[in-house]
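# Understanding the architecture of this molecule
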Amino acid sequence: MNKLKDHVLSRKTFAIISHPDAGKTTLTEQLLLFGGAIRDAGTVKGKKTGKFATSDWMEIEKQRGISVTSSVMQFDYDGFRVNILDTPGHQDFSEDTYRTLTAVDSAVMIIDSAKGIEEQTLKLFKVCRMRGIPIFTFINKLDREGKAPLELLAELEEVLGIESYPMNWPIGMGKQFLGIYDRHHNRIEQFRVDKKDKFIPLNEDGEIDGEHSLKESPLYEQTLEEIMLLDEAGNEFSTERVAEGNLIPVFFGSALTNFGVQTFLESYLEFAPMPQARNSTAGKIDPLSEEFSGFIFKIQANMNPAHRDRIAFLRICSGKFDRGMNVTLPRTGKTIKIAQSTQFMADDRSTVEEAVAGDIIGLYDPGTYQIGDTLISGKDSFQYERLPQFTPELFVRVTAKNVMKQKHFHKGIQQLVQEGAIQLFKTVKTEEYLLGAVGQLQFEVFEHRMRNEYNVEVTMERLGSKIARWIENDEIDENLSNSRSLLVHDRYENKAFLFENDFALRWFQDKNPNIKLYNPMDLT
Ligand code: G4P
């Protein structure tokens, strides 16, 4: 095997998806502790220590206690290089999460054992399924009373409509939580015991040999019965089906007490897919090919308020990145020398000299990049598949409070729009600025950032929810624009109508059968 191949095969790049409060931050932190990337719990989310790290860089997050932006964390473990992409839990930022999911090879879904499958988990699960991303499940908070494991498993299969395979099985829960029966490693991992007693190997019959106090417990008896049921009536484990995303490995544990996390991490690394080939205009691009290529899935300004910089997050899809290399941006045909690049550790950023397919690096962005941009080093030009675009549902009319601040106002809007935080429209006749978003919170973040980063107070007049539909043929009679069907330009100068409601949309289509309308989300 050559060196590049070895490196690429060692990469595991995933996102954690969950409903808020299921334990994403806690689990991330434990994984980073195993990887030696952080020393103290509380580094990722500074709630407990008062210290704020990468994923909590924005003031508004501190105020609201939610993680608004995705960030990237990297660590090494057992010969693997792991890239974790954080995703915002709040539904108003699904757009950011969906784009992040284009940059991973697998996903870890955390479920709170007391709550089962929650709304946001289900939504994100569906996106992963649609994209064929293999999912690993961690059922969390076993140290608390929750739903019965068999009930959770049934819920998983019924609600998600996918087969699962429990890699381990709890022995009791809550106050009576004794440990887990590890089917994969054929051992029992005991909860809250001395290190030397932590693992008990199982014999060929899957039971404890000789004398052991655990054998006396009715909970152990019950676990053995349930394991028998799973062996007989459950799904069979298949590495291929896991890799195809058609079988979900399920792990039970408790992130807070760090129980079952290491076993989860080790099994995950064993079965999670390596960097996958990705679709492009030139067909699938092999991650092991020598030529460097990647795409930008996220742009974030002012990540570090002390630096006032802008970072474009690049997922490397093939070949090797060397700092100082020249790459081409096929969208413009320009060649760019990448001198400033960053990799992300949990509590720090450091300059990256080399990276390979699977890695995520941050590129210093003076305004060159757009979300979805492809970068390549080879002679044959191609572009990666377009990223999912969201149709905004809520709209506001925006102006600067102080007319003297127009320059800052335009700069702020332009940068925040390029980041993908919000979408910008201009009315065709009156040239007013409208902003479109998927959730209300996006407007609040916009207002906050305009004030804090660009020093501009904005006025936002709510226009409420609208149905946005783009027009296939750009030649259109501007007189068709009225308050119920407002004609606008998007930021690429494509024309669209904002309809007041479903009725207005149908009425318009009836009256104008020759005008072909489309929803960009139907194209992705
Ligand atoms: P999130 O990022 O998915 O939103 O969840 P986070 O890790 O912040 O966890 C949400 C709450 O659940 C936290 O409690 C956390 O301590 C708790 N938690 C996470 N994992 C476990 C677990 O395995 N067992 C138990 N019992 N609790 C767990 P909090 O009180 O909301 O916050 P905090 O003030 O303790 O940070």
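Please read all numbers here as calculations on a predicted model, not as lab measurements.

### With respect to the overall build of the protein chain
Each helix and strand counted, the protein chain has 12 helices and 31 strands in total. Burial statistics for the protein chain: of 524 residues in total, 41% are counted as buried. A separation threshold of at least 6 residues defines the contact pool for the protein chain, and within that pool the share at least 24 residues apart is 68%.

### Structural notes on the sheet that holds strand 10 (residues 199-201)
Strands pair in a sheet through their backbones, by hydrogen bonds, and they do so in one of two ways: parallel or antiparallel. One open sheet accounts for four strands, arranged 7-8-9-10; its pairing is antiparallel. Every other strand in the sheet has two partners, leaving strand 7 (168-171) and strand 10 as the edge strands with one partner each. Here the average twist between neighbouring strands, direction ignored, is 20°. Looking at chain direction, strand 7 and strand 8 (residues 179-182) are connected through four bridges and run antiparallel. Bridge assignment links Ile171 to a residue of strand 8, and that residue is Gly179. Where helix 7 (residues 218-233) meets the sheet, it contacts strand 7 and strand 8, and its direction lies at approximately 155° from that of strand 7.

### Notes on the sheet that holds strand 31 (residues 517-518)
Strand order in this open sheet of eight strands is 27-24-26-25-29-30-28-31, and the pairing throughout is antiparallel. Each end of this open sheet is capped by a strand with a single partner; those strands are strand 27 (458-465) and strand 31. As paired elements, strand 25 (residues 423-427) and strand 29 (residues 485-490) share three bridges and run antiparallel to each other. Looking at strand 29, one finds that Thr427 is bridged to Val488.

### Overview of the packing of helix 10 (residues 406-418) against helix 11 (residues 440-454)
With their axes 10 Å apart at the nearest point, helix 10 and helix 11 run at an angle of 125° to one another. Regarding the angle of helix 10 to helix 11, the classification is oblique. As for the relative orientation of helix 10 and helix 11, their crossing is right-handed in sense. Here His408, Lys411, Gly412 and Leu416 of helix 10 come into contact with helix 11, specifically with Phe446, Arg449, Met450, Glu453 and Tyr454. Split by residue class, the contact of helix 10 with helix 11 holds four nonpolar, two polar and three charged.

### Quick notes on the nonpolar core
The biggest cluster of nonpolar side chains holds 84 residues, and the ones touching the most others in it are Ala107 and Leu314. For this core, the element with the highest residue contribution is strand 15 (residues 310-318), accounting for six residues. Residue contributions to this core reach at least three from each of two domains, namely domain 1 (1-271) and domain 2 (278-376). Dropping the residues within four chain positions of it, Ala107 is found in contact with Phe14, Ala15, Ile17, Leu101, Cys128, Ile133 and Ile135.

About the criteria used
Residues numbered from 1 in each chain as written. Predicted model: local features only at pLDDT ≥ 70, side-chain atom pairs only at ≥ 80, totals over all residues. Helix = DSSP H or I, 4+ residues; strand = E, 2+ residues; numbered from the N terminus. Buried ≥ 20, exposed ≤ 12 C-beta atoms within 10 Å, placed from the backbone. Contact = placed C-beta atoms within 7 Å. Pairing = 2+ DSSP bridges. Axes fitted to C-alpha atoms, helices over the stretch in contact; angles between N-to-C directions. Parallel < 35°, antiparallel > 145°, perpendicular 65-115°, else oblique. Left-handed = near helix turned anticlockwise from the far one by under 90°. Nonpolar A, V, L, I, M, F, W, Y, C, P; charged D, E, K, R; others polar. Core = buried A, V, L, I, M, F, W, Y, C linked by C-beta atoms within 7 Å. Domains from an automatic or database assignment.

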